[in-house]
Amino acid sequence: MQKSRIQSNLNIALISTVIVILGFIPPIPLGFIPVPLVLQNLGVMLAGILLGAKKGTIAIILVFLVGIIIPTFSGSLTLAAITSPSSGYAVAWLFVPFFTSLGLQKFPIQNSYSQFFIVWLAGVLFVDFTGALWLAYATQISIYSAILSSLIFIPGDTLKEFIALIIAKRLLKIKPMSNV
Ligand code: BTN
């Protein structure tokens, strides 16, 4: 196997491990919505920023596969709970690297604010909106109420994105992996 292939597989494994480790950090239940605050989506955003579409998606699929046997999801534990009210958010994670990478490639701007906005659309708004749609279906509440409840995640998720971008930029100074 070529050296770059090995490096690339190691990067995927590393980000998957980070996402799994973040899943061990206990979630914070909110009471009024059956979806907790978690840190794991910070790792998902890192996957999109650092690895790009293909490798980032593979990293998240790996987390899902590991979730078949061990509790990798902080909100719903194993993949067996894929029909829980919070699983729409987790399923949306699978598309975050694709949308992040698509946005960053279509708008190859160096402006940090624009980059922040693109990652925010993919890693925060898309996930919280898609998650809310499933939440509405799973709990039989109106889509409007689900979206309104899901707004509670936006400030924290935006902060996580900010941290993910700082980590990514620091790491990429050491070793370029993808787009930012
Ligand atoms: C699961 O483990 O079932 C997934 C939990 C999903 C929690 C979502 S991710 C986006 C939003 N931000 C949070 O902190 N929690 C929700």
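This one's a predicted model, so the numbers in the text were calculated from it and none came from an experiment.

Conventions adopted
Residues numbered from 1 in each chain as written. Predicted model: local features only at pLDDT ≥ 70, side-chain atom pairs only at ≥ 80, totals over all residues. Heavy atoms only, no water. Helix = DSSP H or I, 4+ residues; strand = E, 2+ residues; numbered from the N terminus. Buried < 20%, exposed > 50% of the residue type's maximum accessible area, 1.4 Å probe, protein only. Contact = heavy atoms within 4.5 Å. Phe/Tyr/Trp six-rings, centres within 6.5 Å; stacked < 30°, edge-to-face > 60°.

## Examining the side chain of Ser-16
Move 1: Take Ser-16: it is sitting in helix α1 (residues 3–23).
Move 2: Relative accessible area serves as the criterion here: at 7%, Ser-16 is assigned to the buried category.
Move 3: Contacts of Ser-16, omitting those with residues within four sequence positions, involve Ala-59, Leu-62 and Val-63.

## Considering the packing of aromatic side chains
Move 1: Applying the stated criterion to the full structure yields six aromatic pairs.
Move 2: Judged by centre distance (5.7 Å) and plane angle (75 degrees), the rings of Tyr-89 and Phe-153 are edge-to-face. Of this pair, Tyr-89 sits in helix α3 (residues 87–93) while Phe-153 is found in helix α7 (residues 153–174), placing the two residues 64 residues apart along the sequence.
Move 3: Given the relative accessible area of 4%, Phe-153 is considered buried.
Move 4: In this structure an aromatic cluster arises from ring pairing among Phe-98, Phe-99 and Phe-126.

## Remarks on the environment of Val-20
Move 1: Mapped onto the secondary structure, Val-20 falls in helix α1.
Move 2: In sequence terms Val-20 and Pro-71 are 51 residues apart; their C-alpha atoms lie 8.7 Å from each other.
Move 3: Leaving out residues up to four positions away in the same chain, Val-20 has contacts with Gln-40, Val-63 and Thr-72.

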